[in-house]
Amino acid sequence: MDQIAFLEPRPAVLSRRREIVADLLDLLPEGCLVHEPRELVPFETDAFVSYRRLPLAVALPETTQQVAAVLKYCHRYGVPVVPRGAGTSLAGGAIPQEDAVVIGLSKMSRILEVDFANRTATVQAGVTNLAISDAVSADGYFYAPDPSSQLACTIGGNIGMNSGGAHCLKYGVTTNNLLGVKLVLIDGTIVDLGGKALDAGGLDLLAVVCGSEGQLGIVTEATVRLIARPEGARPVLFGFDTSEEAGACVADVIGAGIIPVAIEFMDKPAIEICEAFAQAGYPMDVEALLIVEVEGSEAEMDAMLASIIEIAGRHGVKVVKECQSATEAALIWKGRKSAFGATGRIADYICMDGTVPLGQLPHVLRGTAEIVAKYGLRVANVFHAGDGNMHPLILFNANDPEDAARAEAAGNEILKLCVDAGGCLTGEHGVGIEKRDLMRHQYSEVDLAQQMAVRAAFDPQWLLNPSKVFPLEGRPAA
Amino acid sequence: MTPIHEPLSEEAAARLVMIAGLSATPFSISGGGTRSLLPATDGAEQLSTRGLNGIVAYNPAEMTMTVRAGTPLEKVEAALAENRQMLAFEPVDLRGVLGSSGIPTIGGVFATNASGPRRFVAGAARDSLLGVRFVNGKGEIVKAGGRVMKNVTGLDLAKLLAGSHGSLALLTEVTFRVLPMPETAVTIVVSNLNDAEATAAMATAMALPVEVSGAAHLPESVRGRFVGGALPDGAATVLRLEGLAASVSVRAQKLADAMAGFGTVSQCDAGLTQRLWREIRDATPYADGTSRPLWRVSVAPTAGQQLVAALRLEAGVDAFYDWQGGLVWLRMESDPEAALLRRYIKAVGGGHATLLRARPDVLAATEIFQPQTDAVTAIQTAVKASFDPAGLFRSRMTG
Amino acid sequence: MQTNFTAEQLADPHVATSEKILRKCVHCGFCTATCPTYVTLGNELDSPRGRIYLIKDMLENGRPADAEVVTHIDRCLSCLACTTTCPSGVDYMHLVDHARMHIEETYRRPFWNRLTRNILAATLPYPSRFRIALRAAALGRPFAGLFKRFKAFEPFGAMLDLAPKTLPKASASSKPGTYDAAGERHGRVAILSGCAQPVLKPGINEATIRLLNRLGVEVVAPAGEVCCGSLVHHMGREAQALEAARRNVDVWLEEVEKGGLDAIIITASGCGTTIKDYGFMLRLDPVYAGKAARVSALAKDVTEYLATLDLPQQEGKGLTVAYHSACSMQHGQKITMAPKTLLKKAGFTVRDPAEGHLCCGSAGTYNILQPEISAKLKARKVKNIEATKPDLIATGNIGCITQIATGTAVPILHTVELLDWAYGGEKPVAISNLSTKMPA
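The structure presented is a predicted model; accordingly, all values stated were derived computationally and were not measured. (Residues numbered from 1 in each chain as written. Chains lettered and ligands numbered in written order. Predicted model: local features only at pLDDT ≥ 70, side-chain atom pairs only at ≥ 80, totals over all residues. Heavy atoms only, no water.)

(A) Fine view of the sheet that holds strand E9 (residues 170-177) of chain B. Residues and elements named next belong to chain B. If you walk across this open sheet you meet the five strands as E4-E5-E9-E7-E8, and the pairing is antiparallel. Either end of the sheet is taken by a strand with one partner, and the two such strands are strand E4 (55-59) and strand E8 (141-145). Pairs of neighbouring strands in the sheet enclose a mean axial angle of 10°, with direction left out of account. Where strand E7 (residues 129-135) lies against E9, six bridges are found, and the strand directions are antiparallel. Bridge pairing in E9 places Val-132 opposite Val-174. In the packing of helix H1 (residues 10-23) onto the sheet, the strands contacted are E7, E8 and E9, and the crossing angle to E7 comes to about 50°. (Pairing = 2+ DSSP bridges. Helix = DSSP H or I, 4+ residues; strand = E, 2+ residues; numbered from the N terminus. Axes fitted to C-alpha atoms, helices over the stretch in contact; angles between N-to-C directions. Contact = heavy atoms within 4.5 Å.)

(B) Up close: the pattern of salt bridges. All names here are of chain B. Within this structure, the stated rule accounts for 74 salt bridges over all chains. Note that Asp-288 and Arg-331 form a salt bridge whose closest N and O atoms lie 2.7 Å from each other. Of this pair, Asp-288 sits in the loop between helix H11 (270-281) and strand E15 (294-299) while Arg-331 sits in strand E17 (residues 327-332); the two residues are 43 residues apart in sequence, bridging distant segments of the chain. On the accessibility criterion, Asp-288 (25% relative accessible area) is partly exposed. For Arg-331, a relative accessible area of 7% corresponds to the buried category. When salt bridges that share partners are traced, they join Arg-225, Asp-288, Asp-318, Arg-331 and Arg-357 into one network. (Salt bridge = Lys/Arg side-chain N within 4 Å of Asp/Glu carboxyl O. Buried < 20%, exposed > 50% of the residue type's maximum accessible area, 1.4 Å probe, protein only.)

(C) Inspection of helix H16 (residues 401-420) of chain A at higher detail. Residues and elements named next belong to chain A. The end-to-end C-alpha distance of H16, which contains 20 residues, comes to 29 Å, matching closely the 28 Å that a straight helix rising 1.5 Å per residue would cover. Burial in H16 covers these residues: Asp-403, Ala-404, Ala-407, Glu-408, Ala-410, Gly-411, Ile-414, Leu-415, Leu-417, Cys-418 and Val-419. Once H16 ends, the next one or two residues include Gly-422, with phi positive near 95°. (Expected span 1.5 Å × (residues − 1).)

(D) Local environment of the nonpolar core. Counting 209 residues, the largest nonpolar core has A:Phe458 and B:Leu330 as its most contacted members. When residues in this core are grouped by element, the largest group, eight residues, is from H16(A). Apart from residues lying up to four places away in sequence, A:Phe458 is in contact with A:Leu185, A:Ile186, A:Leu205, A:Val208, A:Val209, A:Leu216, B:Ile379 and B:Val383. Of all hydrophobic cores here, the second largest spans 94 residues; its members include C:Ala268, C:Ala322, C:Leu392 and C:Ala422. (Core = buried A, V, L, I, M, F, W, Y, C linked by side-chain atoms within 4.5 Å.)

(E) Up close: the sheet that holds strand E3 (residues 217-221) of chain C. Residues and elements named next belong to chain C. Reading across from one edge, E1-E3-E2-E4-E5 is the order of the five strands in this open sheet, with mixed pairing throughout. Pairing within the sheet leaves two strands with one partner each, and these edge strands are strand E1 (177-179) and strand E5 (299-301). Across the sheet, the mean angle separating the axes of adjacent strands is 35° when strand polarity is ignored. As paired elements, strand E2 (residues 187-191) and strand E4 (residues 263-266) share three bridges and run parallel to each other.

(F) Main features of the packing of aromatic side chains. Applying the stated rule across the entire model yields 16 aromatic pairs over all chains. Here C:Phe111 and C:Trp112 contribute two aromatic rings whose centre-to-centre distance is 5.3 Å and whose plane-to-plane angle is 75°, an arrangement assigned as edge-to-face. Overall, the relative accessible area of 49% leaves C:Phe111 in the partly exposed class. Assessed through its relative accessible area of 36%, C:Trp112 is described here as partly exposed. One aromatic cluster is present, formed by B:Phe226, B:Tyr286, B:Phe320 and B:Trp329 through successive ring pairs. The ring of A:Trp462 has A:Arg455 lying over it, and the distance from NZ or CZ to the ring centre is 4.0 Å. Sitting over the ring of C:Tyr53, C:Lys56 keeps its end group 5.5 Å from the ring centre. (Phe/Tyr/Trp six-rings, centres within 6.5 Å; stacked < 30°, edge-to-face > 60°. Lys NZ or Arg CZ within 6 Å of the ring centre and 35° of its normal.)

(G) View of the interface of chain A and chain B. Each side of the interface is counted separately: chain A has 82 residues, and chain B has 72 residues. Carbon and sulfur atoms supply 58% of the area buried between chain A and chain B, which totals about 5,900 Å² over both sides. When the buried surface of chain A facing chain B is broken down by residue, A:Leu198, A:Leu203 and A:Gln450 rank first, second and third, together holding 12% of it. At the junction of chain A with chain B, the criterion picks out eight salt bridges. Here A:Glu428 ties to B:Lys150 by a salt bridge, and the two come within 2.9 Å at their closest N and O atoms. (Buried area = accessible area lost by both parts, 1.4 Å probe.)

(H) Highlighting the domain arrangement of chain C. Split into domains, chain C comes out as domain 1 (7-106), domain 2 (113-162), domain 3 (172-227 + 235-307) and domain 4 (311-428). One C-alpha centre belongs to domain 1 of chain C, the other to domain 2 of chain C, and the line joining them spans 29 Å. (Domains from an automatic or database assignment.)

(I) Seen up close, empty space enclosed by the protein. Considering all chains together, one arrives at 13 cavities of 30 Å³ or more under this definition. In terms of lining, the largest cavity is formed by 45 residues, of which the most central are A:Thr88, A:Ser89, A:Gly157, A:Asn158 and A:Met161. Counting residues per element, the ones that place at least two in the lining of the largest cavity are strand E3 (81-84), helix H6 (155-161), strand E10 (218-225) and helix H14 (339-343) of chain A. With six residues, the single largest contributor to the lining of the largest cavity is H6(A). In terms of residue class, the lining of the largest cavity is built from 18 nonpolar, 23 polar and four charged. Lining the second largest cavity are 26 residues, and of these B:Thr112, B:Asn113, B:His165, B:Arg296 and B:Thr354 sit closest to its centre. For the lining of the second largest cavity, the secondary structure elements donating two or more residues are E15 and strand E18 (351-357) of chain B. Residue classes in the lining of the second largest cavity are distributed as twelve nonpolar, ten polar and four charged. (1 Å grid on protein atoms, 1.4 Å probe; cavity = no way out; pocket = protein on both sides within 12 Å on 5 of 7 lines; lining within 4 Å. Points joined across faces, edges and corners; volume = space filled by probe spheres on them. Nonpolar A, V, L, I, M, F, W, Y, C, P; charged D, E, K, R; others polar.)

Structure follows, in structure tokens:
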């Protein structure tokens, strides 16, 4: 794939490569700078592996002060910076460029404080999403946003992309669960935004930092909200003969004022992929599957389920399978959360992330199938149906350039379909490099100019993750 | 008398701002004028959204609504109520405490991020806000966000505008998420706890899997001024539960059992619960017709009572707590004591205080919003300039 | 993900296998989270995904290994936690095996590193030499600190630290022979005598033989068996590893001819992982491919075999066992439940320490070759184990036993030693001072 351009590397930076490396070596402890050409190769991409660019060097600081020192240096000498958490971005958010220093937060992985009385955890940015929940689960708490990559992805990356997850239907996405950050600005200034107190004292800068894809600064610490774990949770499987029926059922459940904690959708190809990996006991003789999770006391779950089953009945549900044990529930989620990776067993894929209004689900599912068929490709659909956040996985052969180009073109058409249906390009993965050139389909020039002006307020020289999010043409002069 | 502009369309508003830019005429943006923290001085002209009125789209099945910014809040709430839906964040109505008249608008709600008791579990106004249309200081019509629940396409300008108090742009249209109304609600009352005990009790309640949706502590001094004195004698620590009737009663029992160790437990029915939480939301005890300084202070939940305890030693204060203790409604006897208050906020771990009410001269002389560090102020200034380079929109928030 | 190999390159069967493995990786990064070296060092180069990428780059370009690649491949414990985690089914084990072969063939290690590895390869697999070496180590112990002051000598310091202060006497059970079933014979198995284990802990195989005999299983320790080859295999010394494998295949198949075998019982899960892989390792050998596959199919961890015997539930012992699952057990062989089920049936209270998926840092010769990382992992493991407040620790691999024992005062035994005790054997000496509720 090579449709998407990166910024031309700055010759002034490339020509100073050796000096820059030498200077950064001085700024960082031993073992915290990767600069040997061969060692840089593994950093050339993230989970959007279709695009690759070698970085100039990779800094792996251990403290906020070191992050600040590197940023200050890069600011002074006009060196672009690409922040990186665990490198799990599906949108290429962490893909570097030849003249950029990657700042990886993977060494900053300590949980700094857990405060149960105030229901907060303060962690370094390199802590994985799941590690937060793991650290507090024995005390009956969890951190709610749960991207499928939660095992590996970092909270810093989650903040960068404003990540969602299956359980966001009830609990909201990262921005709704983030209370404060320590942010290092491009000039090395360290600021604290938010904290254990709710709301903001001045402008809500935290709100715009969350989801800014590393373009406003680098988050090194975060304070997040913890939630008391519900008494019980039960995923139930609903199998349908058609995707349209399943989609319509989702809209009716929400329309009836029932908000389960999660409603996940899988079509037949996705079911087969996930079952092969997790052996979760998904029904195999249906075309579409909903995983609906309810939580609360037994009585509450029973009551909510009864209503959902009744609605599903109106949409011709074929199989209703209640899970019988915690192990079974865990397997159901393991299968779902591994869906993308497990797809790797059968093909390469790119994963779309458009969100559409619930009522548009059947229409967009149909349209997706048509687009993919037109390009002679296959698709597996697995997504967060409750909030209309679709994830068509377009399957292709990465070793066949034509196939890859078709996949990319099909993906672009699907995303435009989502926008045209009243939705957006990305619900939780971020724009990154992947969707950058589609931004004008969703926003007008004026809309984009306003966003870019805010971005420039934090980083006037456009040094932070500069190839991402905003189309390369029409940017304000730095 | 400063002129008041009430454009009747987004285009008209944009034109107005563009033209004003030519003559560098500053504006003070308002909705219904019920939350104004200070009348415009310095020659700013009033720019009101009142002419931008009406519900643009409401899709109950998708739980989203799009409304012009000047639409009265009560109209929005009435439309939602017809479908048994609501704004999750319970917008606070400040008319009582500010003694203001007028009709609160939905734009004003979002521009001030006005959130009530459910905020500490369900999020603030900004968390419900999905998308906005606005006129920036260059007179451009801009849209940000959208109408779907999950959207990370570009910068989240909608949330940045929430709570910006008219300092960045004129909101013209808002799209927000709504929630089903709970079938019923009850309140568990734990009586006679001191502030510290109440803080511990509320933290314990929040740790239980019973989904408390309101946690407030009403010290003895204010308790009698709520719901016509209908709460039991002594301080009242009140915990709200909402949802399906069957579920609420089970949870209420569980919560009551857990609270029995803290103090005497009683329960309010749905009717009294509704009234009580509305009064907590609007700080009704301080709707006293005076201009005694009133602060809204946000700190970590356990820090609220520490802050008040410290202040009591040095100033005459009256206070009650919402948000599990993290929101302190603080009424001062005479002087706002801003410096003292802010010093103690820092001492208890940080947070912020907004001065909502005081004598006009005191208001004018006090920093009503929490002062920020130099670095943050610098970003705020740059952000302000990115929306409003000529500084047309005057607000106490960004100067 | 995309690969770039020429048809010529793919003609090499090893490259062809690796290419297939690489194609399955989607670069999702899940593996980083459960990789002990990544969580310790925080550098993607020391994670499975980073290594996969380094290997890919090296193989695609047909390059000899260089110091950088070797550093990061050497840091890999081969614990295979990544393989358990990987949703895409990337066969990391065979990829890294190939990389190690490639390194061995194309890279000349610095002198001291080469010397250390040669000493290990020439000693550990041979019980008699190993015994002599350990005796010598007892004399060298006072110099451990001195060694550790020089980077190149660190491994020698680590070796001295690990060497036990006293050695058990050479065991009768390490001698070849047949051990008859008590009473009616229900089965016949071979037991792998092993190399390091009979020197360090001969009691493990003794307990296994006693227990199996009591359960009506005849156990044969065949003559002519050698080290399973795991140690040299992990050093990339493939010819040596395959030689060992062929020799064992011959020995065991001869035993099959003689009296039939229900299983080849292995009491060290590290060896089990390798023997179960003989089929793959010898796949390109037309003479041995089929035979090796047969042997791999017969190979069973002792707990895997015992689980088929339906042992009765025993009375509670009032002892809490922290079960440490060796990486070769849980990731290499995917045996997760059997040992715990057996221990519970035997009357122990079983606890799973947190972060059970993380390696203890033993990993064959890793604790000697990478002492710093190994020490960090050991400390983390011991902390997690001790947090369960156990009376004792059970595990199924000699390497883990040696490693963990140097970090905690809690006694650590092989699972089968506890099972032997629970089902009629003597109480293990190592826990003779622990009181139990068991009837005397």
